[in-house]
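The primary structure of each chain is shown beneath.
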Amino acid sequence: MLKKIISFAAASAMALTLCACAQEDGGIAVQRADSLAGAAHAGERYAAMVVSENVTEIKRDSTKTVEELFVAVGDTVKTGDKLFNYDLEALELDLEKQRLEIEKMKNELGGYKEQLEKLEKQLQRTYNEVDKSRITLEINTLKTSILEIDYQMIAKENSIADIEETLQNVDVVSPVDGTIRAINEEEGAQSYITIQQEGAYRIKGSLNEMNLNSGIMPGVKVRAYSRVEKGLYWEGTVASIDTDQPSENQNNYWYGPSDPMTESSNYVFYVTPESTEGLLLGQHLYVEMAPAVDKEGLWIPENFFASFDCDEVGNMVATLYVADANGKLVLRSVILGMYDSMDLTYEVLEGVSAEDYIADPSDSTCVEGAQVSYRNVSDFAGSAEDIA
């Protein structure tokens, strides 16, 4: 619920001290004022990418040699596009070899059957129990050998049929429209090429252990914002979080204005968008918690204000560290309007615009005249590499 703060006493409940300032190489990090609106704090953004729910895996026959691979990771393919082909010469040699092997098996099988027939006749003419037992054992051994060769011949005939079919079409083509997401050249790999199909899109995001309990959970409403077009977003609901299979992240990332740079494990989560119109497969986004109430105007998280006060006519005023035209911090006074206790933001009525860049107040390094470092909308918890 929104409420109007009209007295300094009401503001005194808030922390008035300076909190951590984000110091970067080359200056203090600043962010556009309108990029912070509606967020509980600037760090609660999560790397995300549009993926397809449907993945097609193309297997490779490990007994055959791939002559040429026609695609690379990231390529877009249509149904019927060539992915790779098998070595025709190697296939023909393999076919001839297996045909010779099956002829050898047929000759061997004929010899076994001839021996079996002789032993069965011999058994009928034998009355000595010891000799009968020996002949019976030989008969059973031959029958086992015949069954084994029959099985091997069936397998060989199936292999020959597969090679003959492959020879009719040595090119392996894509059965779907989509994007090549992985190519696995390792021997014995379950799939050779992984294709992420077009359509049935969902949004794949990345959390780290520093913000695993920040509110992202199944059933929570979120917004996925375009990294390119300002103000473009898609509403959605968190469908699941894969906490059973964390991935170790050896890179350092920005987790929030007052948090240190550190290393952590990442956890994948999925968002089901209410509409997929305008989404593109592979598109990079960032995800935020959806605001409880849609608000017009400029709203700034409360931890970005350096101080609060009331002016002589009773307006609630505050100060912000703002980057000036020379890339230096200046302490600017602003007039506040309403306060949103749900996402901890203040409406700024005067003193700063949506295009201004502001810093989160910190220690003594966050002072007027300090050099700033401009950040863009890709600076949030995690990175695109975590979810690819």
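None of these values were measured; they are calculated from a predicted model. (Residues numbered from 1 in each chain as written. Predicted model: local features only at pLDDT ≥ 70, side-chain atom pairs only at ≥ 80, totals over all residues. Heavy atoms only, no water.)

A. How the structure looks around the side chain of K156. The residue K156 is located in helix α3 (residues 129–168) in this model. At 2.6 Å, the side chain of K156 and the side chain of E101 are in polar contact. (Helix = DSSP H or I, 4+ residues; strand = E, 2+ residues; numbered from the N terminus. Polar contact = N/O pair within 3.5 Å; in protein donor to acceptor, adjacent residues only side chain to side chain.)

B. Highlighting the layout of surface pockets. Approximately 270 Å³ is the volume attributed to the second largest pocket. I58, K59, R60, D61, K64, Y86, D162, E165, T166, N169 and V172 together form the lining of the second largest pocket. Per-element tally for the lining of the second largest pocket: the top contributor is α3, with three residues. In the lining of the second largest pocket, the residues fall into three nonpolar, two polar and six charged. (1 Å grid on protein atoms, 1.4 Å probe; cavity = no way out; pocket = protein on both sides within 12 Å on 5 of 7 lines; lining within 4 Å. Points joined across faces, edges and corners; volume = space filled by probe spheres on them. Nonpolar A, V, L, I, M, F, W, Y, C, P; charged D, E, K, R; others polar.)

C. Highlighting the sheet that holds strand β8 (residues 82–86). Taken in spatial order, the three strands line up as β6-β8-β9 in an open sheet, and their pairing is antiparallel. Each having just a single partner strand, β6 (66–69) and β9 (171–173) make up the two edges of the open sheet. Here the strands of the sheet are splayed against their neighbours by 25° on average, with no regard to which way each runs. Pairing between β8 and β9: three bridges, direction antiparallel. Note that in β9 the partner of F84 across the bridge is V172. (Pairing = 2+ DSSP bridges. Axes fitted to C-alpha atoms, helices over the stretch in contact; angles between N-to-C directions.)

D. Structural view of α3. Between its first and last C-alpha atoms α3 spans 59 Å; for 40 residues at 1.5 Å apiece the expected length is 58 Å, and the two agree. Restricting attention to buried positions, one finds in α3 the residues I135, I139, L142, S145, I146, I149, M153, K156, I160, I163 and T166. Of the surrounding elements, those touching the buried residues of α3 are β8 and α2 (88–124). Measuring from the backbone nitrogen of V130 back to the side-chain oxygen at the start of α3 gives 2.9 Å, which picks out N128 as the cap. (Expected span 1.5 Å × (residues − 1). Buried < 20%, exposed > 50% of the residue type's maximum accessible area, 1.4 Å probe, protein only. Contact = heavy atoms within 4.5 Å.)

E. Seen up close, the nonpolar core. Counting residues in hydrophobic clusters, the biggest one holds 28 residues, and the most contacted among them are I58, L83, F84, I180, I193 and I195. Counting only elements with at least two residues in this core, the list comes to β8, α2, α3 and β11 (193–197). With eight residues, α3 is the single largest residue contributor to this core. Not counting residues within four places of it along the chain, the set of residues in contact with L83 comprises I58, L69, F70, V71, V77, V172, V173, S174, I180, I193 and I195. Judged by nonpolar contacts, the second largest core, of 18 residues, contains Y46, V220, V271 and L285. (Core = buried A, V, L, I, M, F, W, Y, C linked by side-chain atoms within 4.5 Å.)

F. Quick look at the confidence of the model for the chain. When pLDDT is averaged along the chain, the result is 79; 79% of the residues meet or exceed 70. Low pLDDT, under 50, characterises residues 376–382; the predicted model gives this stretch 24 contacts beyond four residues in sequence or across chains. (pLDDT = per-residue confidence, 0-100.)

G. Structural context of the packing of aromatic side chains. This structure, assessed with the given rule, holds nine aromatic pairs. Ring centres of F305 and F308 lie 5.4 Å apart, and the angle between their planes is 50°; this geometry places the pair in the tilted category. What makes F305 buried here is its relative accessible area of 3%. The buried category is assigned to F308, whose relative accessible area is 6%. Seen in terms of ring centroids, F305 and Y346 are 5.7 Å apart; in terms of plane orientation they differ by 85°. Their pairing is edge-to-face. A residue pair is termed long-range when its members are at least 10 positions apart, and F305 in the loop between β17 (298–301) and β18 (307–310) and Y346 in strand β21 (residues 345–350) qualify at 41 residues. In textbook terms, an aromatic cluster arises when at least three aromatic residues are bridged by ring pairs, as seen for F305, F308, Y339 and Y346. Above the face of the F70 ring, K82 is positioned so that its terminal group lies 4.5 Å from the ring centre. Directly above the ring of Y270 sits R202, whose terminal nitrogen or CZ lies 3.8 Å from the centroid. (Phe/Tyr/Trp six-rings, centres within 6.5 Å; stacked < 30°, edge-to-face > 60°. Lys NZ or Arg CZ within 6 Å of the ring centre and 35° of its normal.)

H. Examining the sheet that holds strand β5 (residues 55–58) more closely. What the four strands build is an open sheet, ordered β5-β11-β10-β7; its pairing is antiparallel. Two strands in the sheet have a free side with no partner beyond their single neighbour: β5 and β7 (76–77). As judged from the two bridges shared by β7 and strand β10 (residues 178–183), these two strands associate in the antiparallel manner. Across the sheet, residue T76 finds its bridge partner in β10, namely T179.

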